[in-house]
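# A closer look at the structure
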Amino acid sequence: MRFSSSIDTFSVMFVKIQVLKDYEAPQGEIEAAICHGMEKVLGYSRVGRKDNFLEIGGNSVNVAKLVAECNIPGLSPQFVMIGKTPEGISSIVEENKGVVKAGIEKAPEDIKEVPLTPAQSYQIDVCTTWDVTSDLIDFIGYWKLWDEMDEDKLIEAVDDTLKAHKIYSMSCTKKDGGSMIFGIHNDGVRKNDIAKADFEDWRRQKTFRERDLSKDTLYDIELLHVENERYLYVNFNHLIYDGVSLKLFMEEVDNRYHGKDVKEEEYTIFDLAYSAEKISRTQFYDNALQYFEGIYSKIENKKVLQNSEITNTFFDGAVLKDVKQEEIDSFVAKNGISDATFFTGAFSLAISAATGLEGCPFMTIFDGRSDMKLKGIHGVLANAVYLSVAADENSSIAEYLTKCQEVYQKMVYFDAVNIPTLKEKFPQIDTGITFNYQGKLADDTTFGDRTFRFEYGFEPMLRQWPMPWPINMRFQQIEGEYHAVITSRTMTRNWCQKFIEMFDLCLREILKGKTIKEIKGELQA
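The present account deals with the structure reproduced in this document. (Residues numbered from 1 in each chain as written. Predicted model: local features only at pLDDT ≥ 70, side-chain atom pairs only at ≥ 80, totals over all residues. Heavy atoms only, no water.)

### So, the overall build of the protein chain
A count of helices and strands for the protein chain gives 16 helices and 20 strands. Taken over the C-alpha trace, the protein chain has a radius of gyration of 23 Å; the compact-globule value for 525 residues is 24 Å, and the two agree within 12%. For the protein chain, the spread of C-alpha atoms along the principal axes amounts to about 65 × 50 × 45 Å. For the protein chain, contacts bridging at least 24 residues in sequence account for 75% of all contacts bridging at least 6. Between the mean site of the 61 positive side-chain charges and the mean site of the 83 negative ones, the protein chain shows a separation of 2 Å. (Helix = DSSP H or I, 4+ residues; strand = E, 2+ residues; numbered from the N terminus. Rg over C-alpha atoms; globule rule 2.2 N^0.38 Å. Contact = heavy atoms within 4.5 Å. Lys, Arg positive; Asp, Glu negative; His and termini not counted. Charge placed at Lys NZ, Arg CZ, Asp CG, Glu CD.)

This is how it looks when you write it as structure tokens:
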């Protein structure tokens, strides 16, 4: 046996002992490259062909580093998460080498208009609408400035960041299913004086402001003076931002404000859109459609959670109280799965029980940045898949979670097919149910050696506007506690509370190692 002390950088920082399997030398060039990559990324002196990446310190963060380190044509993070061992990963690469997903490439300089990316098509379909759209479900943030902060210098840093990236100058057109046009806008930052007594009404008006995607700037940034307080108000439409992109934006503003070097984008959203359009005309795209058909054609065409009454429910429930993080980390490492798979699998079991539809399909979100070349792109790359995994009562929980991970990773790999296309071809998947695992959530950001405080979230205002989702559950970790937050157009507060209790039960029973049959029995009870 060999031992190594390593740091898990994903959910919580702690030192743990990892046990590798008895060493078995790699066979062939691909296995050898994967073993060497795992050694370098995870810090081992020797990794064998049977060692499980997820059991020895691998996770959804460093998997992209492994792929970049290996430099194997056709290798993807999804293949690593499915194959797990150098032997298994190599086998998947060999099986798929005939049709490889093309990587991102630079778009010709003379092209000024490109189709929307699959991620943007998803945002148009779910998070915003064509023509006039409300800012309600876009990003809205207020960061409070401290007394010593130079607001003119901050405005200059924000303006320079906006000018440095094509994405912030774009507008949209419905042409050919949706296109991006660059170089249209450059509004920059405005100053605004607001009376304290008028501030709440001003925020409400901003929350429900309407925007024409084909004409208006897709962001709104102001430096607010509210009597003795100052705020940087930032609003980004979902077509030009996701959580990672927002972090990139604020980091660049920080660097410009403090006179530090700014790293240019290696690739842009423009390059990504150009590459995605080329992929849509390849055999890979056809293979992707065939894969989804194999999954979705088995789903019963059944309406679920039907309720005509508008409830506009917002419910926040804590789960896994008194369960230590170490217990979760130990479970996912032991079973060779990611923590996202653990939580998503539990949601799948709970929603199937709540709807009475085995393998009830639901939308789940992924960040779209598994390729290292995509991590520095400004703009929205976050996308979604409709996950459907039936739970065989004769299966162990480990087998079920492994199946969830494999199906999810394959769907992410085949993300060239956009959500509107999938819904048109397979209407039975559109249940209106979304599970969004967000991991650790923090709206505050570091600015220099200070914390830029985030204030005035807009969630309370949601109750005054018809929500677009029958069921949307965000699952996140806030200050060490897990929270399930449901927003629903049609379900009652009592239903939401009971469903979160079911979800919590699933998580706890999974940790205990209960069988699928036992968990289903507990849910029915």
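### Topic: the side chain of Lys423
Residue position: Lys423 is located in helix H14 (residues 419-425). Taking relative accessible area as the criterion, Lys423 reaches 19% and is therefore assigned buried. Here the side chain of Lys423 touches Asp125 through a polar contact of 2.7 Å, side chain to side chain. In this structure, Lys423 is in contact with Asp125, Tyr386, Ile429 and Asp430, ignoring residues within four places of it in sequence. (Buried < 20%, exposed > 50% of the residue type's maximum accessible area, 1.4 Å probe, protein only. Polar contact = N/O pair within 3.5 Å; in protein donor to acceptor, adjacent residues only side chain to side chain.)

### A few points about the packing of helix H6 (residues 151-163) against helix H8 (residues 243-257)
Following both chains from N to C, one finds H6 and H8 inclined at 125°, their axes separated by 8 Å at the closest point. By the angle between their axes, H6 is oblique relative to H8. As for how H6 packs across H8, the hand of that crossing is right-handed. Where H6 approaches H8, its residues Lys153, Leu154, Ala157, Val158, Asp160, Thr161 and Leu162 are matched on the opposing element by Phe249, Glu252, Val253, Arg256 and Tyr257. Residues that form the contact of H6 with H8 fall into these classes: seven nonpolar, one polar and four charged. (Axes fitted to C-alpha atoms, helices over the stretch in contact; angles between N-to-C directions. Parallel < 35°, antiparallel > 145°, perpendicular 65-115°, else oblique. Left-handed = near helix turned anticlockwise from the far one by under 90°. Nonpolar A, V, L, I, M, F, W, Y, C, P; charged D, E, K, R; others polar.)

### A few points about the packing of helix H1 (residues 28-42) against helix H4 (residues 86-96)
Two elements in contact, H1 and H4, have axes separated by 9 Å at closest approach and are oriented at 130°. Taken together, the axis directions place H1 and H4 in an arrangement best described as oblique. In this structure, H1 meets H4 at a crossing whose hand is right-handed. Where H1 approaches H4, its residues Ile30, Glu31, Ile34, Cys35 and Met38 are matched on the opposing element by Pro86, Glu87, Ile89, Ser90, Val93 and Glu94. Considering only residue class, the contact of H1 with H4 consists of seven nonpolar, one polar and three charged.

### Quick notes on the packing of aromatic side chains
A complete count under the given rule lists 38 aromatic pairs for this structure. Centre to centre, the rings of Tyr142 and Tyr233 are 5.1 Å apart; their planes meet at 45°, and the pair counts as tilted. Here Tyr142, found in strand S5 (residues 139-144), pairs with Tyr233, found in strand S11 (residues 229-236); they are 91 residues apart in sequence, far enough to count as distant. As far as burial versus exposure is concerned, Tyr142 and Tyr233 are alike and both buried. With centroids separated by 6.0 Å and ring planes inclined at 70°, the aromatic side chains of Tyr291 and Phe292 adopt a geometry described as edge-to-face. In terms of burial, Tyr291 and Phe292 fall into one category: buried. An aromatic cluster is built from Phe331, Phe342, Phe343, Phe347, Phe362, Phe435, Tyr437, Phe475, Tyr482, Trp495, Phe499 and Phe503, whose rings are joined through pairwise contacts. Over the ring of Tyr257 we find Lys153; its NZ or CZ atom is 4.9 Å from the centre of that ring. (Phe/Tyr/Trp six-rings, centres within 6.5 Å; stacked < 30°, edge-to-face > 60°. Lys NZ or Arg CZ within 6 Å of the ring centre and 35° of its normal.)

### Looking at the pattern of salt bridges
Under the criterion given, the structure shown has 29 salt bridges. When the shortest N-O distance is used, the salt bridge between Lys191 and Glu151 registers 3.1 Å. Highlighted residues: Lys191 in strand S8 (residues 189-194) and Glu151 in helix H6, separated in sequence by 40 residues. Residue classification places Lys191 among the partly exposed positions, given a relative accessible area of 45%. (Salt bridge = Lys/Arg side-chain N within 4 Å of Asp/Glu carboxyl O.)

### Comments concerning helix H7 (residues 199-207)
Taken as a whole, H7 has its buried residues at Phe199, Trp202, Arg203, Lys206 and Thr207. Along H7, the residues classed as buried sweep out an arc of 140° about the axis, all on the same side. (Arc of directions from axis to C-beta.)

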